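Observations on chain architecture
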Amino acid sequence: MSNLRKWLIIIVISCASLCVTCLSSVASFTEGAVAEEFGVSHIVTVLSISLFVEGLGCGPLLVGPLSEVYGRNNVYRASYAFLFIFSFPVTFAPNIAVYLIFRFITGFCGSAFLSVAGGSVSDLFDNASVANPMALYTISPFIGPILGPLMSGFINQNIHWRWTYRIMLIWIFAQLAAIVIFVPETYAPVLLKRKAARLRKTTGNAKYWAPLDRQNKNLLHAVVVSCYTPFQLMVYDRMALLLNIWTALILGILYLSFQAFPIIFQDHHGFTMQQTGMSYLGIGLGMVLATPTQRYWNSLVAREAEKNGGHAPPESRLYMGQVGGILVPLSLYWLAFTTYASVHWIVPIIASIPFGTGVYFVFASVFTYLVTAYRPIAASAMAANSAMRSAFAAAFPLFAGAMYHRLGTVGATALLAGLTTVMAPLPFIFRRIGPRLREKSRFAAK
(Lines give C-alpha, C1' and ligand atoms only; values in the text may rest on other atoms or scores of the structure.)
Protein backbone atom coordinates (compact mmCIF):
# COMPACT_ATOMS: atom_id res chain seq x y z
CA MET A 1 0.00 0.00 0.00
CA SER A 2 1.39 3.42 -1.00
CA ASN A 3 2.23 6.05 1.57
CA LEU A 4 -0.34 8.41 -0.02
CA ARG A 5 -3.08 5.78 0.38
CA LYS A 6 -2.11 5.24 4.02
CA TRP A 7 -2.33 8.98 4.74
CA LEU A 8 -5.70 9.18 3.00
CA ILE A 9 -7.00 6.44 5.32
CA ILE A 10 -5.63 8.28 8.38
CA ILE A 11 -7.25 11.55 7.25
CA VAL A 12 -10.65 9.87 6.76
CA ILE A 13 -10.46 8.14 10.17
CA SER A 14 -9.31 11.35 11.88
CA CYS A 15 -12.13 13.35 10.28
CA ALA A 16 -14.61 10.70 11.44
CA SER A 17 -13.29 11.06 15.00
CA LEU A 18 -13.49 14.86 14.66
CA CYS A 19 -17.13 14.60 13.53
CA VAL A 20 -18.13 12.41 16.50
CA THR A 21 -16.59 14.66 19.14
CA CYS A 22 -17.94 17.75 17.38
CA LEU A 23 -21.39 16.15 17.64
CA SER A 24 -20.89 15.94 21.43
CA SER A 25 -20.55 19.72 21.90
CA VAL A 26 -22.63 21.00 18.99
CA ALA A 27 -25.64 20.84 21.32
CA SER A 28 -24.18 23.63 23.48
CA PHE A 29 -26.04 26.51 21.80
CA THR A 30 -29.23 24.56 21.13
CA GLU A 31 -30.05 24.40 24.86
CA GLY A 32 -32.15 27.56 25.14
CA ALA A 33 -34.30 26.79 22.09
CA VAL A 34 -34.72 23.13 23.09
CA ALA A 35 -35.79 24.13 26.61
CA GLU A 36 -38.36 26.56 25.17
CA GLU A 37 -39.78 24.12 22.60
CA PHE A 38 -40.08 21.14 24.96
CA GLY A 39 -41.02 23.15 28.05
CA VAL A 40 -38.16 21.94 30.28
CA SER A 41 -35.54 23.68 32.41
CA HIS A 42 -32.10 24.58 31.11
CA ILE A 43 -30.36 21.96 33.27
CA VAL A 44 -32.39 19.21 31.56
CA THR A 45 -31.15 20.30 28.15
CA VAL A 46 -27.54 20.23 29.41
CA LEU A 47 -28.05 16.46 29.64
CA SER A 48 -27.87 16.38 25.83
CA ILE A 49 -24.10 16.90 26.14
CA SER A 50 -23.69 14.78 29.28
CA LEU A 51 -25.53 11.73 27.93
CA PHE A 52 -23.73 11.84 24.59
CA VAL A 53 -20.35 11.93 26.34
CA GLU A 54 -21.40 9.09 28.65
CA GLY A 55 -22.26 7.06 25.55
CA LEU A 56 -18.78 7.75 24.20
CA GLY A 57 -17.34 6.34 27.43
CA CYS A 58 -19.47 3.18 27.50
CA GLY A 59 -19.09 2.23 23.83
CA PRO A 60 -15.41 1.17 23.84
CA LEU A 61 -16.17 -1.60 26.35
CA LEU A 62 -18.19 -3.33 23.61
CA VAL A 63 -16.61 -2.28 20.31
CA GLY A 64 -13.04 -3.16 21.42
CA PRO A 65 -13.72 -6.94 21.56
CA LEU A 66 -15.90 -6.73 18.42
CA SER A 67 -13.03 -5.23 16.40
CA GLU A 68 -10.74 -8.12 17.37
CA VAL A 69 -13.24 -10.66 16.02
CA TYR A 70 -14.84 -8.93 13.03
CA GLY A 71 -12.11 -6.46 12.06
CA ARG A 72 -11.77 -2.72 12.35
CA ASN A 73 -13.41 -1.85 9.03
CA ASN A 74 -16.66 -3.67 9.81
CA VAL A 75 -16.84 -1.91 13.18
CA TYR A 76 -16.24 1.48 11.51
CA ARG A 77 -18.96 0.96 8.94
CA ALA A 78 -21.51 -0.39 11.42
CA SER A 79 -20.67 2.37 13.90
CA TYR A 80 -21.21 5.18 11.42
CA ALA A 81 -24.25 3.55 9.82
CA PHE A 82 -25.97 3.33 13.23
CA LEU A 83 -24.78 6.85 14.09
CA PHE A 84 -26.45 8.11 10.89
CA ILE A 85 -29.69 6.18 11.50
CA PHE A 86 -30.06 7.12 15.16
CA SER A 87 -29.30 10.78 14.49
CA PHE A 88 -32.70 11.09 12.81
CA PRO A 89 -34.67 10.72 16.08
CA VAL A 90 -32.46 13.45 17.58
CA THR A 91 -33.02 15.76 14.62
CA PHE A 92 -36.79 15.24 14.50
CA ALA A 93 -37.42 14.49 18.20
CA PRO A 94 -41.10 15.02 19.17
CA ASN A 95 -40.29 15.38 22.88
CA ILE A 96 -37.41 15.74 25.32
CA ALA A 97 -37.34 12.02 26.23
CA VAL A 98 -36.71 10.89 22.64
CA TYR A 99 -34.16 13.67 22.19
CA LEU A 100 -32.09 12.72 25.26
CA ILE A 101 -32.34 8.92 24.84
CA PHE A 102 -31.06 9.06 21.27
CA ARG A 103 -28.31 11.53 22.21
CA PHE A 104 -26.93 8.77 24.46
CA ILE A 105 -27.38 6.12 21.77
CA THR A 106 -25.62 8.21 19.10
CA GLY A 107 -22.73 8.80 21.50
CA PHE A 108 -22.50 5.04 22.08
CA CYS A 109 -22.54 4.34 18.33
CA GLY A 110 -19.86 6.92 17.53
CA SER A 111 -17.45 5.71 20.20
CA ALA A 112 -15.64 3.25 17.90
CA PHE A 113 -13.46 6.02 16.53
CA LEU A 114 -12.22 6.90 20.01
CA SER A 115 -11.22 3.33 20.89
CA VAL A 116 -10.49 1.32 17.74
CA ALA A 117 -9.05 3.92 15.34
CA GLY A 118 -5.72 4.16 17.15
CA GLY A 119 -5.18 0.51 16.25
CA SER A 120 -5.63 1.33 12.54
CA VAL A 121 -2.83 3.90 12.77
CA SER A 122 -0.46 1.33 14.27
CA ASP A 123 -1.57 -1.22 11.63
CA LEU A 124 -0.56 1.09 8.78
CA PHE A 125 2.73 2.57 10.05
CA ASP A 126 5.76 1.02 11.73
CA ASN A 127 7.30 2.36 14.94
CA ALA A 128 9.77 4.58 13.06
CA SER A 129 7.07 6.47 11.12
CA VAL A 130 3.98 6.25 13.34
CA ALA A 131 4.54 9.48 15.32
CA ASN A 132 3.18 11.99 12.75
CA PRO A 133 0.01 10.09 11.74
CA MET A 134 -0.65 9.31 15.42
CA ALA A 135 -0.29 13.04 16.24
CA LEU A 136 -2.93 13.86 13.60
CA TYR A 137 -5.30 11.22 14.96
CA THR A 138 -4.63 12.24 18.57
CA ILE A 139 -5.54 15.90 18.06
CA SER A 140 -8.73 15.27 16.05
CA PRO A 141 -11.00 14.21 18.98
CA PHE A 142 -9.89 17.28 20.95
CA ILE A 143 -10.43 19.77 18.13
CA GLY A 144 -13.96 18.37 17.69
CA PRO A 145 -15.38 19.73 20.98
CA ILE A 146 -13.97 23.17 20.08
CA LEU A 147 -15.46 23.09 16.57
CA GLY A 148 -18.91 22.12 17.95
CA PRO A 149 -19.81 25.41 19.70
CA LEU A 150 -18.19 27.40 16.87
CA MET A 151 -20.60 25.82 14.36
CA SER A 152 -23.52 25.78 16.78
CA GLY A 153 -23.21 29.49 17.56
CA PHE A 154 -23.55 30.52 13.91
CA ILE A 155 -26.37 28.05 13.20
CA ASN A 156 -28.53 28.78 16.25
CA GLN A 157 -28.24 32.55 16.02
CA ASN A 158 -29.55 32.57 12.46
CA ILE A 159 -31.81 29.54 11.91
CA HIS A 160 -33.86 26.95 13.84
CA TRP A 161 -32.03 24.71 16.34
CA ARG A 162 -32.96 21.54 14.45
CA TRP A 163 -30.74 22.67 11.58
CA THR A 164 -27.79 22.02 13.90
CA TYR A 165 -28.47 18.30 13.66
CA ARG A 166 -29.58 18.39 10.02
CA ILE A 167 -26.18 19.80 9.09
CA MET A 168 -24.47 17.18 11.25
CA LEU A 169 -26.53 14.48 9.47
CA ILE A 170 -25.11 15.64 6.13
CA TRP A 171 -21.58 15.51 7.55
CA ILE A 172 -22.14 12.03 9.05
CA PHE A 173 -23.44 10.72 5.71
CA ALA A 174 -20.42 12.16 3.86
CA GLN A 175 -18.09 10.53 6.42
CA LEU A 176 -19.88 7.20 6.08
CA ALA A 177 -19.44 7.33 2.29
CA ALA A 178 -15.73 8.16 2.71
CA ILE A 179 -15.26 5.24 5.14
CA VAL A 180 -16.94 2.79 2.74
CA ILE A 181 -14.96 4.02 -0.28
CA PHE A 182 -11.49 4.75 1.13
CA VAL A 183 -10.95 2.72 4.33
CA PRO A 184 -10.05 -0.98 3.85
CA GLU A 185 -9.52 -3.57 6.56
CA THR A 186 -6.11 -3.09 8.22
CA TYR A 187 -6.16 -5.59 11.12
CA ALA A 188 -3.63 -8.30 10.20
CA PRO A 189 -5.30 -11.30 11.97
CA VAL A 190 -8.62 -10.62 10.18
CA LEU A 191 -6.85 -10.15 6.81
CA LEU A 192 -5.09 -13.48 7.33
CA LYS A 193 -8.39 -15.14 8.20
CA ARG A 194 -9.98 -13.84 4.98
CA LYS A 195 -6.97 -14.99 2.95
CA ALA A 196 -7.23 -18.50 4.42
CA ALA A 197 -10.94 -18.60 3.59
CA ARG A 198 -10.21 -17.59 -0.03
CA LEU A 199 -7.54 -20.27 -0.35
CA ARG A 200 -9.87 -22.95 1.02
CA LYS A 201 -12.49 -21.89 -1.50
CA THR A 202 -10.23 -21.63 -4.56
CA THR A 203 -8.05 -24.69 -3.91
CA GLY A 204 -10.55 -26.92 -2.15
CA ASN A 205 -7.85 -27.63 0.43
CA ALA A 206 -9.32 -27.49 3.94
CA LYS A 207 -5.85 -27.29 5.54
CA TYR A 208 -5.61 -23.51 5.09
CA TRP A 209 -6.45 -21.93 8.47
CA ALA A 210 -5.55 -18.65 10.14
CA PRO A 211 -4.70 -18.32 13.86
CA LEU A 212 -7.96 -16.41 14.40
CA ASP A 213 -9.90 -19.43 13.08
CA ARG A 214 -8.32 -21.64 15.74
CA GLN A 215 -8.93 -19.35 18.68
CA ASN A 216 -12.68 -19.93 19.01
CA LYS A 217 -13.13 -16.69 20.90
CA ASN A 218 -16.15 -16.41 23.13
CA LEU A 219 -17.44 -12.95 22.28
CA LEU A 220 -19.60 -12.67 25.41
CA HIS A 221 -16.63 -13.59 27.60
CA ALA A 222 -14.46 -11.02 25.79
CA VAL A 223 -17.06 -8.29 26.41
CA VAL A 224 -17.33 -9.23 30.10
CA VAL A 225 -13.54 -9.12 30.48
CA SER A 226 -13.35 -5.78 28.66
CA CYS A 227 -15.92 -4.37 31.13
CA TYR A 228 -14.31 -5.90 34.22
CA THR A 229 -10.55 -5.43 33.69
CA PRO A 230 -10.51 -1.60 33.36
CA PHE A 231 -12.20 -1.17 36.73
CA GLN A 232 -10.01 -3.83 38.30
CA LEU A 233 -6.98 -1.87 37.08
CA MET A 234 -8.21 1.35 38.72
CA VAL A 235 -8.98 -0.41 42.01
CA TYR A 236 -5.60 -2.15 42.36
CA ASP A 237 -3.20 0.23 40.59
CA ARG A 238 -2.94 3.70 42.14
CA MET A 239 -0.70 5.08 39.39
CA ALA A 240 -3.27 4.29 36.69
CA LEU A 241 -6.06 5.62 38.91
CA LEU A 242 -4.33 8.96 39.57
CA LEU A 243 -3.41 9.50 35.91
CA ASN A 244 -7.00 8.71 34.93
CA ILE A 245 -8.35 11.20 37.49
CA TRP A 246 -5.94 13.85 36.15
CA THR A 247 -7.03 13.48 32.52
CA ALA A 248 -10.68 13.16 33.58
CA LEU A 249 -10.47 16.43 35.53
CA ILE A 250 -9.00 18.26 32.54
CA LEU A 251 -11.58 16.91 30.08
CA GLY A 252 -14.30 17.75 32.60
CA ILE A 253 -13.04 21.35 32.66
CA LEU A 254 -13.01 21.46 28.85
CA TYR A 255 -16.67 20.37 28.72
CA LEU A 256 -17.53 22.66 31.64
CA SER A 257 -16.36 25.57 29.46
CA PHE A 258 -19.42 25.04 27.24
CA GLN A 259 -21.46 26.43 30.13
CA ALA A 260 -18.81 28.83 31.48
CA PHE A 261 -17.83 30.70 28.32
CA PRO A 262 -21.40 31.95 27.63
CA ILE A 263 -21.43 33.39 31.19
CA ILE A 264 -18.02 35.02 30.72
CA PHE A 265 -18.50 36.40 27.22
CA GLN A 266 -22.26 36.86 26.80
CA ASP A 267 -23.03 38.16 30.28
CA HIS A 268 -19.84 40.19 30.87
CA HIS A 269 -18.93 41.33 27.37
CA GLY A 270 -22.28 41.33 25.56
CA PHE A 271 -21.23 38.78 22.94
CA THR A 272 -23.79 37.34 20.54
CA MET A 273 -24.21 33.59 20.28
CA GLN A 274 -21.92 33.25 17.26
CA GLN A 275 -19.30 35.52 18.80
CA THR A 276 -19.32 33.35 21.93
CA GLY A 277 -18.81 30.29 19.73
CA MET A 278 -15.73 31.95 18.24
CA SER A 279 -14.30 32.53 21.73
CA TYR A 280 -13.33 28.83 21.77
CA LEU A 281 -10.81 29.46 18.99
CA GLY A 282 -8.19 30.27 21.63
CA ILE A 283 -8.30 26.72 23.01
CA GLY A 284 -8.29 25.28 19.48
CA LEU A 285 -5.31 27.42 18.46
CA GLY A 286 -3.41 26.19 21.51
CA MET A 287 -3.99 22.58 20.48
CA VAL A 288 -2.92 23.23 16.89
CA LEU A 289 0.26 25.01 18.04
CA ALA A 290 1.12 22.03 20.26
CA THR A 291 1.07 19.50 17.42
CA PRO A 292 4.31 20.51 15.61
CA THR A 293 6.27 20.05 18.85
CA GLN A 294 5.76 16.28 18.59
CA ARG A 295 9.10 15.92 16.79
CA TYR A 296 10.93 17.44 19.77
CA TRP A 297 9.24 15.11 22.27
CA ASN A 298 10.05 12.14 20.04
CA SER A 299 13.72 13.17 20.11
CA LEU A 300 13.67 13.14 23.92
CA VAL A 301 12.22 9.63 23.89
CA ALA A 302 14.88 8.53 21.37
CA ARG A 303 17.59 9.97 23.64
CA GLU A 304 16.23 7.98 26.58
CA ALA A 305 16.17 4.87 24.39
CA GLU A 306 19.88 5.30 23.61
CA LYS A 307 20.64 5.42 27.34
CA ASN A 308 18.66 2.22 27.95
CA GLY A 309 19.93 -0.14 25.28
CA GLY A 310 17.48 0.86 22.58
CA HIS A 311 14.35 0.59 24.72
CA ALA A 312 12.85 3.83 25.99
CA PRO A 313 11.28 3.41 29.44
CA PRO A 314 7.57 4.33 29.56
CA GLU A 315 8.42 7.22 31.91
CA SER A 316 10.17 9.02 29.04
CA ARG A 317 6.69 9.73 27.67
CA LEU A 318 5.92 11.94 30.69
CA TYR A 319 8.21 14.81 29.68
CA MET A 320 5.38 16.27 27.63
CA GLY A 321 2.97 15.77 30.52
CA GLN A 322 5.24 17.79 32.82
CA VAL A 323 4.96 20.83 30.56
CA GLY A 324 1.22 20.31 30.11
CA GLY A 325 0.75 19.95 33.85
CA ILE A 326 2.23 23.42 34.34
CA LEU A 327 0.48 25.11 31.39
CA VAL A 328 -3.07 24.04 32.34
CA PRO A 329 -3.27 25.64 35.83
CA LEU A 330 -1.27 28.72 34.73
CA SER A 331 -3.72 29.28 31.87
CA LEU A 332 -6.73 28.83 34.17
CA TYR A 333 -5.36 31.30 36.75
CA TRP A 334 -4.72 33.79 33.95
CA LEU A 335 -8.23 33.23 32.60
CA ALA A 336 -9.79 33.51 36.09
CA PHE A 337 -8.37 36.95 36.84
CA THR A 338 -9.15 38.38 33.40
CA THR A 339 -12.87 37.52 33.33
CA TYR A 340 -13.86 40.92 34.72
CA ALA A 341 -16.08 42.99 32.42
CA SER A 342 -13.51 45.82 32.67
CA VAL A 343 -10.82 43.65 31.03
CA HIS A 344 -10.82 43.60 27.22
CA TRP A 345 -12.45 40.44 25.81
CA ILE A 346 -9.36 39.41 23.86
CA VAL A 347 -7.34 38.86 27.06
CA PRO A 348 -9.28 35.81 28.38
CA ILE A 349 -9.27 34.35 24.87
CA ILE A 350 -5.48 34.70 24.72
CA ALA A 351 -5.33 33.19 28.22
CA SER A 352 -7.11 30.09 26.93
CA ILE A 353 -4.40 29.36 24.32
CA PRO A 354 -1.94 27.77 26.82
CA PHE A 355 -4.85 25.72 28.17
CA GLY A 356 -5.36 24.17 24.73
CA THR A 357 -1.64 23.46 24.43
CA GLY A 358 -1.56 21.95 27.92
CA VAL A 359 -4.58 19.76 27.21
CA TYR A 360 -2.86 18.28 24.15
CA PHE A 361 0.41 17.71 26.03
CA VAL A 362 -1.30 16.03 28.99
CA PHE A 363 -3.47 13.71 26.93
CA ALA A 364 -0.79 12.74 24.40
CA SER A 365 1.62 12.05 27.28
CA VAL A 366 -0.77 10.03 29.45
CA PHE A 367 -2.18 8.04 26.52
CA THR A 368 1.25 6.93 25.30
CA TYR A 369 2.39 6.24 28.87
CA LEU A 370 -0.62 4.03 29.64
CA VAL A 371 -0.18 2.06 26.41
CA THR A 372 3.55 1.47 27.00
CA ALA A 373 3.49 1.02 30.80
CA TYR A 374 0.48 -1.33 30.74
CA ARG A 375 1.23 -2.98 27.38
CA PRO A 376 -0.12 -6.44 28.37
CA ILE A 377 -3.57 -4.88 28.95
CA ALA A 378 -3.19 -1.68 26.89
CA ALA A 379 -6.77 -1.83 25.59
CA SER A 380 -8.15 -2.13 29.14
CA ALA A 381 -5.90 0.68 30.37
CA MET A 382 -7.27 2.99 27.67
CA ALA A 383 -10.85 1.82 28.30
CA ALA A 384 -10.44 2.65 32.01
CA ASN A 385 -9.17 6.11 31.12
CA SER A 386 -12.00 6.62 28.63
CA ALA A 387 -14.67 5.56 31.14
CA MET A 388 -13.42 7.93 33.84
CA ARG A 389 -12.89 10.83 31.40
CA SER A 390 -16.41 10.44 30.09
CA ALA A 391 -17.89 10.34 33.61
CA PHE A 392 -16.20 13.65 34.52
CA ALA A 393 -17.01 15.27 31.16
CA ALA A 394 -20.66 14.24 31.58
CA ALA A 395 -20.93 15.51 35.17
CA PHE A 396 -19.06 18.83 35.03
CA PRO A 397 -21.47 20.71 32.70
CA LEU A 398 -24.36 19.84 35.04
CA PHE A 399 -23.04 21.89 37.97
CA ALA A 400 -21.14 24.52 35.95
CA GLY A 401 -23.96 27.06 35.85
CA ALA A 402 -24.70 26.86 39.58
CA MET A 403 -21.01 27.04 40.46
CA TYR A 404 -20.33 30.10 38.29
CA HIS A 405 -23.39 31.95 39.55
CA ARG A 406 -22.56 31.16 43.19
CA LEU A 407 -18.77 31.75 43.11
CA GLY A 408 -18.56 34.19 40.22
CA THR A 409 -16.37 33.78 37.15
CA VAL A 410 -13.18 34.58 39.07
CA GLY A 411 -13.82 32.27 42.03
CA ALA A 412 -15.14 29.35 39.97
CA THR A 413 -12.32 29.42 37.42
CA ALA A 414 -9.70 29.86 40.16
CA LEU A 415 -11.16 26.82 41.95
CA LEU A 416 -10.68 24.75 38.79
CA ALA A 417 -7.14 26.11 38.47
CA GLY A 418 -6.47 25.06 42.06
CA LEU A 419 -7.65 21.51 41.39
CA THR A 420 -5.34 21.20 38.37
CA THR A 421 -2.48 22.64 40.46
CA VAL A 422 -2.92 19.81 42.96
CA MET A 423 -2.65 17.25 40.12
CA ALA A 424 0.26 18.97 38.30
CA PRO A 425 3.06 17.15 40.23
CA LEU A 426 1.88 13.72 39.04
CA PRO A 427 4.05 13.46 35.89
CA PHE A 428 7.10 14.66 37.84
CA ILE A 429 6.48 12.08 40.59
CA PHE A 430 5.78 9.17 38.26
CA ARG A 431 8.78 9.93 36.05
CA ARG A 432 10.97 9.39 39.11
CA ILE A 433 9.24 6.50 40.87
CA GLY A 434 7.30 4.99 37.94
CA PRO A 435 9.74 2.08 37.40
CA ARG A 436 9.49 1.11 41.09
CA LEU A 437 5.68 1.26 41.00
CA ARG A 438 5.57 -0.83 37.84
CA GLU A 439 7.72 -3.50 39.46
CA LYS A 440 5.13 -3.85 42.21
CA SER A 441 2.11 -3.72 39.87
CA ARG A 442 0.45 -6.92 38.71
CA PHE A 443 -0.78 -5.20 35.53
CA ALA A 444 2.18 -3.09 34.31
CA ALA A 445 4.96 -4.13 31.96
CA LYS A 446 8.14 -4.90 33.93
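Now for a description of the structure that goes with this document. (Residues numbered from 1 in each chain as written. Predicted model: local features only at pLDDT ≥ 70, side-chain atom pairs only at ≥ 80, totals over all residues. Heavy atoms only, no water.)

Some details on the overall build of the protein chain
Helices and strands together make up the secondary structure of the protein chain, namely 21 helices and 0 strands. Relative to the compact-globule value of 22 Å for 446 residues, the protein chain shows a C-alpha radius of gyration of 22 Å, a close match. C-alpha atoms of the protein chain, sized along the principal axes, occupy 75 × 55 × 40 Å. Out of the 446 residues in the protein chain, the part that is buried amounts to 54%. Of the contacts made within the protein chain by residues no fewer than 6 positions apart, 81% connect residues no fewer than 24 positions apart. Counting only carbon and sulfur atoms, one obtains 67% of the accessible surface of the protein chain, whose full area is about 19000 Å². (Helix = DSSP H or I, 4+ residues; strand = E, 2+ residues; numbered from the N terminus. Rg over C-alpha atoms; globule rule 2.2 N^0.38 Å. Buried < 20%, exposed > 50% of the residue type's maximum accessible area, 1.4 Å probe, protein only. Contact = heavy atoms within 4.5 Å. Areas by Shrake-Rupley, 256 points an atom, 1.4 Å probe, with all protein chains shown as cover.)

Details of the pattern of salt bridges
Using the criterion set out here, one finds 3 salt bridges in the structure. With a closest N to O distance of 2.6 Å, Arg162 and Glu37 form a salt bridge. Here Arg162 is found in helix α10 (residues 162–182), whereas its partner Glu37 is found in helix α2 (residues 31–38), with 125 residues between them in sequence. A salt bridge links Lys307 to Glu304, with the nearest nitrogen and oxygen atoms 3.8 Å apart. Placement of the pair is Lys307 and Glu304 together in helix α17 (residues 294–307), with a separation of 3 residues, close to one helical turn. Overall, the relative accessible area of 14% leaves Glu304 in the buried class. (Salt bridge = Lys/Arg side-chain N within 4 Å of Asp/Glu carboxyl O.)

Quick word on the packing of helix α14 (residues 238–269) against helix α19 (residues 346–373)
Between α14 and α19, whose axes approach to 11 Å, the crossing angle comes to 155 degrees. Between α14 and α19, the interaxial angle falls into the category roughly antiparallel. The handedness of the crossing between α14 and α19 comes out as left-handed. Note on element contacts: α19 touches α14 through Pro348, Ile349, Phe355, Val359, Val362, Phe363, Val366, Tyr369 and Leu370, opposite Met239, Leu243, Asn244, Trp246, Thr247, Ile250, Leu251, Ile253, Leu254 and Phe265. (Axes fitted to C-alpha atoms, helices over the stretch in contact; angles between N-to-C directions. Parallel < 35°, antiparallel > 145°, perpendicular 65-115°, else oblique. Left-handed = near helix turned anticlockwise from the far one by under 90°.)

Let's talk about the packing of helix α1 (residues 3–25) against α10
Viewed as axis vectors pointing N to C, α1 and α10 meet at an angle of 155 degrees, and their least axial separation amounts to 10 Å. The pairing of α1 with α10 is recorded here as roughly antiparallel in orientation. Relative to α10, α1 is oriented so that their crossing is left-handed. Here Arg5, Leu8, Ile9, Val12, Cys15, Ala16, Leu18, Cys19, Cys22 and Leu23 of α1 come into contact with α10, specifically with Tyr165, Met168, Trp171, Ile172, Gln175, Ala178, Ile179 and Phe182. Residue classes in the contact of α1 with α10 are distributed as 16 nonpolar, 1 polar and 1 charged. (Nonpolar A, V, L, I, M, F, W, Y, C, P; charged D, E, K, R; others polar.)

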